[in-house]
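Structural features, examined
Each chain, letter by letter, is given below.
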Amino acid sequence: MKKKRIVIALGHHALGTTLPEQKIATVKTAKAIAGFIKNDYQVVITHGNGPQVGMIHMAMAEFCRIYPEYTSTPMSVCSAMSQGYIGYDLQNAIRAELLGRGIYKPVSTVLTQVVVDPYDDAFYHPTKIIGRVMSAEEAQAEENKGNYVVKAEGGYRRIIAAPKPIDIIEIESVRALLDADQIVIACGGGGIPVLQQANNLKGASAVIEKDLAAAKLADLVDAQTLVILTGVEKACLHYGTPQEKVLDELTTAQAAKYLEEGQFEAGSMEPKIQAAISFIGNSAIRRTIITKLDSDNLDLAEPKGTVIRK
């Protein structure tokens, strides 16, 4: 009998911010993931990287400021570095948790490139703030290089695009590992954004929304369920107001209506709802669960989060 395949998208709460926090957080996260594996699911994991890639970008920019003879590090390379070190902690934590339960399954992190459209409107309207605070002179130098900057507290910061994912370059490798019943970590931080130029791939100065990348990944591996783990147990209408209403179940049509009404916060719950709609499409089988990371209560038979279906 074919195993059920799920994609788990980990948010900030599953990883922490600093290196010590990440070490602790991944141990807790591994317990939750091991629960799925014990219940005989085939698991693909993806994760955010906001604090981590920001830290890497700032560190590399500061290094080049001190040593100008070195070339600055592109955003695509910073994304690759963040995939590597988050994957390193995560796969080791999962491996240790599984072995502690008497389960042996290989866990692999796949350095994953995600194709974006060079004509995506996001490149003309960047929204993601990243990097250190700069002086007016440094900001002008960035603009002279063709980069975007925005005024921020204490000075200026760089702002980059968040284009939509189109395809995943290493998807066949991910499928092969899954078919071998291995655990895969892929598309970390939304993937390394790349542009296709003939036979070559060129890193894009961008970041990809990790929830949208998770939806693309779940679609391409033909998962039945996309689980988006976040800091709240369920999505809500009128979040944070006296009129707040918890959502237990949603159809994709209802979700689309609420999106149009602006019910979900941009950069927070909004991309999760968009990801759910994108992944489910016209399928009567697929579903998305948005819920809080809790190693004791992640039961897909009776999920405690918001369940979205067609």
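This text follows the structure it describes.
The following paragraphs examine the structure supplied in this document. (Residues numbered from 1 in each chain as written. Predicted model: local features only at pLDDT ≥ 70, side-chain atom pairs only at ≥ 80, totals over all residues. Heavy atoms only, no water.)

Another point: unusual backbone geometry. Of note in the backbone geometry, A198 takes a positive phi value of approximately 55° without being a glycine. Structurally, A198 can be placed in the loop between β10 (192–197) and β11 (200–203). With a phi angle near 55°, D222 is a residue other than glycine that sits in the positive phi range. Within the secondary structure, D222 sits in the loop between α6 (210–220) and β12 (225–230). Among the residues examined, D222 registers a relative accessible area of 45% and is labelled partly exposed. (Helix = DSSP H or I, 4+ residues; strand = E, 2+ residues; numbered from the N terminus. Buried < 20%, exposed > 50% of the residue type's maximum accessible area, 1.4 Å probe, protein only.)

Strand order in this open sheet of four strands is β8-β4-β10-β11, and the pairing throughout is mixed. At either margin of the open sheet sits one strand with a lone partner, and together these are β8 (165–168) and β11. Averaged over all neighbouring strand pairs, the angle between strand axes comes to 45°, with direction disregarded. Two elements, strand β4 (residues 113–116) and β8, share three bridges in a ladder whose sense is antiparallel. Paired with V115 across the bridge in β8 is D167. On top of the sheet, helix α3 (residues 75–100) reaches β10 and β11; it is set at about 130° to β10, its chief contact. (Pairing = 2+ DSSP bridges. Axes fitted to C-alpha atoms, helices over the stretch in contact; angles between N-to-C directions. Contact = heavy atoms within 4.5 Å.)

Attention now goes to the pairing of β4. When a strand is regular, its side chains alternate between the sheet's two faces. Sheet topology places β4 next to β10; three bridges connect them, and they run parallel. In the strand pairing of β10, Q113 is matched with I192.

Applying the stated rule across the entire model yields 16 salt bridges. Between E142 and K145 there is a salt bridge, with the nearest N and O atoms lying 3.2 Å from each other. Among the residues examined, K145 registers a relative accessible area of 57% and is labelled exposed. Notably, a salt bridge pairs E172 with R175, separated by 2.5 Å at the nearest N-O pair. Here E172 and its partner R175 are both found in helix α5 (residues 171–179), three residues apart, which amounts to about one turn of the helix. Under the relative-accessibility criterion, E172 is labelled exposed at 52%. Here the residues in one salt-bridge network are K31, E97 and R101, joined through shared partners. (Salt bridge = Lys/Arg side-chain N within 4 Å of Asp/Glu carboxyl O.)

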